[in-house]
Each structure stands twice: as structure tokens, then as C-alpha cells.
Amino acid sequence: MAAKTLQRMNLDPDILRKLLNRRLFSAKDLLLATHLELVEGLDISSEAVSNLFLIVSNAVAPCSSTVLDLYGRAQHHTTHLPTHLSALDAVLRGGVPVGAITELVGPAGVGKSQLCHMLAVSTLLPVTQHQPNKQTESVMYIDTEKKFSSRRVVEIAKARWPQYFTSQESIRDITERILVVNPGSSEALISHIKAMEASIIDHNIKLVLVDSIAALARSEFSRDKVMDRQQMLGQQAAILKSLGETFRIPVVVVNQVTAQVHAPAHHTFQSSASSGNRQQESHLTAALGTVWAHAVNTRLVLESVADVRYIKVAKSPAAPLAAFAYSITEAGLNLLEGHRVPDQVQGSIINMPVAHEISYEPQAMDM
């Protein structure tokens, strides 16, 4: 909430102009300034500065709600965006939750971007009698890996929902409302995220997709800059969560995997000579480390075992751990009915191994 802009706080126009002239744009900028700095810099009274601090603090302080209030809102507002994978939606209690960050993690080629394309289209499905303003809604697709495919979006739309997309006009309508941006650096990415509030309001954005959150961070920060990278990722997560909560929209981010190297377990009954001959083992796990893992609300892992792909709920505040087999067709992801999930598709929440039978080389910044 500290990223909330001062322009959204109903401040006195003259004071707001002075604040912006001094490059104080957000609640955080103002609250980090001292009382004396604001008195002198804004040329206003001490009482006016105290009142200003009170207004801004109240605007960003989290408000308490009763369970009854929250339950009532849930009955009258959309709480989830369906993935249109019925068994997965049932486990997630409706789909991807609004007001939260959902992470898709898995190796290359397993279908993460395919699912993002599906979600982009499903968010913009044509108007129904229950959603009269849906034709004004948009999707923000932040493509850091330059993998977004407009052709694939159209193909999924036509193949999965042919009843809605029968003409060029219907295709044009939906493709005009998917806004794609390509930040070329971490600095550009966070600048865009900070400025996204205006876009959400202007374009009535109902879904934010970041594909991927890991690409720029892993390529730009060397091993001795891990703390800087974690701070930057924490800032990105805080802003994205704030936007999701403020506007009641889902935020979906894509993460990569890393090879985590470790020694096999050594027990006291094993001799020291044998332990010296032990070789290191490795498995794939989500990139960006534990700090980032705690920043996301829901983690969906996509992986592959014996030529079969699986999607599993690895972390969720409302859903049990569960896994489902799926295939990728021209219509996007489709669950495979009655398929037994193997034992490999399981693990702990934070360092959950990601099954993948193709050799994967660790990068220097794999954390």
C-alpha cells in the first residue's frame, strides 16, 4: 500500500502540486520525509504537515474487516478467474484467486505460456447477461522473454471457444483488448509495474500476466548481487499484490526452474570412507529462492514425467496439494481423465522437486 500514489488520496490541490514538484509521488515518498523537511519544502504550517501525515497514513493503513463482511463481499463479487480446467478449478475453489499472486513454475516447453494465453482469452470472453460491462475489459500481458504469440492467442480462442469466435470482428475485438508490453530490463519492468495503476483504470484491466518474472532478474544480477535481486523482487511482489488487492484482479506470474545440487543423506552408521565417495545429486526446483516463494500466494507447478505433463497445486491458502495430467492441443491445455499421477509428482512446498526427464544445466545465478 505504500506504493499508492498521492494523486489518489484526495489531497488539497495546492499541497498536492507542491508535493509533486518536490518529486514526492507516493505514500512511501512522503512518509519517509521528516516533519521539518515538509514544513520547509512545502512552505506550510506544522499543523498542516501533521494533518497531511494523518491523511496519507490513514489512506495506506490496512482496514480491519469482520469475517461476515468478507463473506458477504465474496457472495457478490468475483473471487476467482476460472482456468477452464475443471478438476483444477474445483480444487482451487473456482480458479485463480483475485487480489493475490499466482505463480506458474516449470521447465521450458511444459506449457506455462500456453496457460497464460488461455487465461488472457478466457478473461475477455464475450459479454453475458450477468456481466454487462465485460466488452470494455482488458488484459495486461508483460512479456519479458519475447515469447508472446498473437497467432497462438487466436488459435486458442477459435479452438476452445468456437461458439464465441465465428467472425473476424469477434477476433479483432478480443485481440484489441490484450495489451502487450516488452520491458527490456529489470529497471524497465519495475518502472512499468509502478505506473500500471493508471493503465488498470484507463483500460479496465481485469488480469495482469508477467511472463516471466525470473528472466530479467536471473540474467542481470550476478551472484554477489543476490541481496539486491531479492530486494528488487520483493518490491515487484509488493506492488503487484497491492494492485491485485486494490482493484480485485488476479495477478499471474511465470517462474523458471533451477537445478538444486545437494549431497545424498548420510547416516551415522555409514563409514567416513564411503561418505567420501558420495556423489552430489540434483533436482529441479523453482528459481528465485525461498524469499520469492513466500511472496506468492498460490504456486502451480507444471512438469513432465514419462512423456506425460502434470500440473499440481504446490502451495495454496485454500486448496489441498493435488496434481492432474494434461496434454497440449490447439485449444491449449486439456486435462487427461482417469490418469494415475506417479509418485515423482509430489514434494515439499518451498523446494518441491520439479520432474523433468531432459538434462538441465544450472545457471550461475540459480538460487
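Here, the structure is the one placed above.
Residues numbered from 1 in each chain as written. Predicted model: local features only at pLDDT ≥ 70, side-chain atom pairs only at ≥ 80, totals over all residues. Heavy atoms only, no water.

A.B. asks: Please explain helix α7 (residues 112-123) as it appears in this structure.
C.D. replies: Every α-helix winds through 3.6 residues per turn, so residues three or four apart in the chain are directed the same way. For α7, built from 12 residues, the straight-helix expectation of 16 Å at 1.5 Å per residue is met to within 8% by its first-to-last C-alpha distance of 17 Å. Of all the 12 residues making up α7, 11 are buried; the element is thus mostly covered by neighbouring parts of the structure. Looking only at α7, the buried set comprises K112, S113, L115, C116, H117, M118, L119, A120, V121, S122 and T123. (Helix = DSSP H or I, 4+ residues; strand = E, 2+ residues; numbered from the N terminus. Expected span 1.5 Å × (residues − 1). Buried < 20%, exposed > 50% of the residue type's maximum accessible area, 1.4 Å probe, protein only.)

A.B. asks: Please explain the side chain of S113 as it appears in this structure.
C.D. replies: Here S113 shows up in helix α7. When near neighbours in sequence (up to four residues on either side) are disregarded, S113 contacts Y141 and D211. (Contact = heavy atoms within 4.5 Å.)

A.B. asks: Which parts of the structure should I look at to understand the environment of N58?
C.D. replies: Mapped onto the fold, N58 is located in helix α4 (residues 46-60). You can call N58 exposed: its relative accessible area is 51%. Sequence separation of N58 and M9 is 49 residues, and the distance between their C-alpha atoms is 9.7 Å.

A.B. asks: So what exactly am I meant to see when it comes to the pairing of strand β13 (residues 332-335) here?
C.D. replies: Remark: a regular strand shows side chains that alternate across the two faces of the sheet. Here strand β12 (residues 322-329) pairs with β13 via four bridges, running antiparallel. Residue S327 lies in a different strand from β13, and its bridge partner there is N334. Between β12 and β13, which pair antiparallel and follow one another directly, the connecting turn spans two residues. (Pairing = 2+ DSSP bridges.)

A.B. asks: It is not clear to me how the nonpolar core should be interpreted in this structure. Could you clarify?
C.D. replies: Side chains of nonpolar character tend, in soluble globular proteins, to be buried together. Ranked by internal contacts, the top residues of the largest apolar core, which has 40 residues, are L104, V121, F165, L209 and I311. For this core, the element with the highest residue contribution is α7, accounting for six residues. Counting residues in each nonpolar core, the second largest holds 31 residues, with I213, M232, I249 and V251 among its members. (Core = buried A, V, L, I, M, F, W, Y, C linked by side-chain atoms within 4.5 Å.)

A.B. asks: Before we go on, may I ask you to explain the sheet that holds strand β3 (residues 101-105) in this structure?
C.D. replies: In space, the nine strands of this open sheet follow the order β5-β4-β6-β7-β3-β10-β11-β12-β13, with mixed pairing throughout. Two strands bound the open sheet, and with one partner strand each, they are β5 (178-181) and β13. Across the sheet, the axes of successive neighbouring strands diverge by a mean angle of 25°, strand direction being ignored. Looking at chain direction, strand β4 (residues 138-143) and β5 are connected through four bridges and run parallel. Considered in β5, the bridge of Y141 is made with V180. Against the sheet, α7 makes contact with β3, β4, β5, β6 (205-211), β7 (251-255), β10 (298-305), β11 (308-315), β12 and β13, and its axis sits at roughly 170° relative to β6, the strand it touches most. (Axes fitted to C-alpha atoms, helices over the stretch in contact; angles between N-to-C directions.)

A.B. asks: Looking at this structure, how should I read the packing of helix α3 (residues 35-42) against α4?
C.D. replies: The description of two packed helices rests on the angle between their axes and on the distance between the axes. Direction vectors running N to C along α3 and α4 enclose 115°, while the axes themselves pass 9 Å from each other. For the pair α3 and α4, the sense of crossing is right-handed. Together, H35, L38, V39 and L42 of α3 and S46, V49, S50, L52 and F53 of α4 make up the contact between the two elements. In terms of residue class, the contact of α3 with α4 is made up of six nonpolar, three polar and no charged. (Left-handed = near helix turned anticlockwise from the far one by under 90°. Nonpolar A, V, L, I, M, F, W, Y, C, P; charged D, E, K, R; others polar.)

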